[in-house]
Amino acid sequence: MGPSPVKVTVTGAAGQIGYALLFRIASGAMLGPDTPVRLSLLEITPALKAAEGTAMELDDCAFPLLAGIDITDDARSAFDGTSVALLVGARPRTAGMERGDLLEANGGIFKPQGEAINAGAADDVRILVVGNPANTNALIARTHAPDVPADRWTAMMRLDHNRALTQVARRLDAPVADITRMTVWGNHSATQYPDVSNARVAGTPVRDRVDQEWLESTFIPTVAKRGAAIIDARGASSAASAANAAIDHVHDWVLGTRDGDWVSAGIVSDGSYGIPEGLVAGFPVTSSGGSFQVVQGLEIDDFSRRRIDASVAELADEQAAIRSLGLI
Ligand code: NAD
Ligand code: LMR
């Protein structure tokens, strides 16, 4: 008999990202070729039928690693016994909606989901929040799950990280796999700070091959505004690349990062690099033994300090807003 299946919960399973994500999880791309999975799909009631359609397609793939699929609109049952929770479903901003309205609407989703995770998730649960505003939604959910350790809560910065890798590789005409030690700090928003200070191309410093003008006027805005550029071009927000980043994030978290390299993840700050404790912010991290560790000891120059502080200030504002709304 092989290993028992790992329960993986995906919220917003009938959405765009869900459609690009579920098939890759079931194929083994996320947890590896030796780990069977049982998928738990959480949707709102009107979208259950669409989720059932996706489940029919998953069945039709005959994935050897897919041990079963459950579909529900009940958060308690969706998260019961789950080891990996991908919180993708969120309330999109609609015309006329203020930031406070958006945060409040998301509070209505992430508070009960946090409570459900607290009530029934497996002891080894790992959570990745993808639904925007991802960092602050993670903060809301975590606040309502006091029994789940802080290091199990993450928000997705990996799409920003992957975007940054490609922009540098293109600029240097190098294979993307040669670019290492990239960092994206702060919030998954336009204030994020993609940072090449320590990045390498085939082992040599990227900083020696790019100038400050390119970094400031092209690289940083291109990466930070890429989400909006995709929406403009596609008429819908990134889906396959977001799903791919979620796969990368959980894969590396569970199975480990490459020797000599690191990745970016939104994690609960322990105060490292002067980022206030408790905020969920992008950091450079490695993973071994199934947990992320912040890469310590990096030098932060004045330019980087200002950029990090600006994005962290936005996270602190979001924290203050959800506090004043009574969401945390
Ligand atoms: P989508 O609108 O296609 O799908 C969202 C799904 O979530 C819908 O099917 C909806 O019914 C469901 N949903 C809503 N409330 C729910 C709830 N309470 N429980 C369960 N399901 C619920 O959106 P999408 O394109 O799949 O994007 C999902 C989210 O991911 C958005 O918030 C988007 O902004 C965000 N996103 C984040 C990143 C990132 O890098 N962090 C990248 C791309 C998109
Ligand atoms: C992205 O970075 O592609 C998305 O977060 C954009 C969005 O607003 O959904």
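Remember, it's a predicted structure, so these values are computed and weren't measured experimentally.

Draft legend 1. Just the UniProt feature "binding site: substrate" (unreviewed entry) in the protein, in detail. Cross-referencing UniProt, the feature "binding site: substrate" (unreviewed entry) maps to Arg93, Arg99, Asn132 and Arg163 in the present numbering. Spatially, the listed residues are scattered: they cover 71 residues, and their C-alpha atoms lie as much as 25.7 Å apart. In this fold, Arg93 is placed in the loop between strand E4 (84–87) and helix H4 (99–120). With respect to the secondary-structure elements, Arg99 resides in helix H4. Residue Arg99 is classed as partly exposed on the basis of its relative accessible area of 37%.

Draft legend 2. Highlighting the sheet that holds strand E7 (residues 179–180). Within the open sheet, the three strands sit side by side as E7-E10-E11. Their pairing is antiparallel. In this open sheet, the two edge strands, each paired with only one partner strand, are E7 and strand E11 (204–205). Judged from the two bridges that link them, E7 and strand E10 (residues 200–201) form a sheet pairing that is antiparallel. Each residue of the ladder has a partner; that of Ile179, found in E10, is Val201.

Draft legend 3. Geometry of the site of ligand 2. Around ligand 2, a shell composed of Asn132, Leu159, Arg163, His188, Gly227, Ile231, Ser237 and Ser238 is seen. Within the side chain of Arg163, one N or O atom sits 2.8 Å away from an oxygen atom of ligand 2. Between an oxygen atom of ligand 2 and a side-chain N or O atom of His188, the distance comes to 2.6 Å. In terms of residue class, the shell around ligand 2 is made up of two nonpolar, five polar and one charged.

Analysis parameters
Residues numbered from 1 in each chain as written. Chains lettered and ligands numbered in written order. Predicted model: local features only at pLDDT ≥ 70, side-chain atom pairs only at ≥ 80, totals over all residues. Heavy atoms only, no water. UniProt positions renumbered as here; feature names shortened; annotations may be inferred. Helix = DSSP H or I, 4+ residues; strand = E, 2+ residues; numbered from the N terminus. Buried < 20%, exposed > 50% of the residue type's maximum accessible area, 1.4 Å probe, protein only. Pairing = 2+ DSSP bridges. Near = heavy atom within 4 Å. Polar contact = N/O pair within 3.5 Å; in protein donor to acceptor, adjacent residues only side chain to side chain. Nonpolar A, V, L, I, M, F, W, Y, C, P; charged D, E, K, R; others polar.

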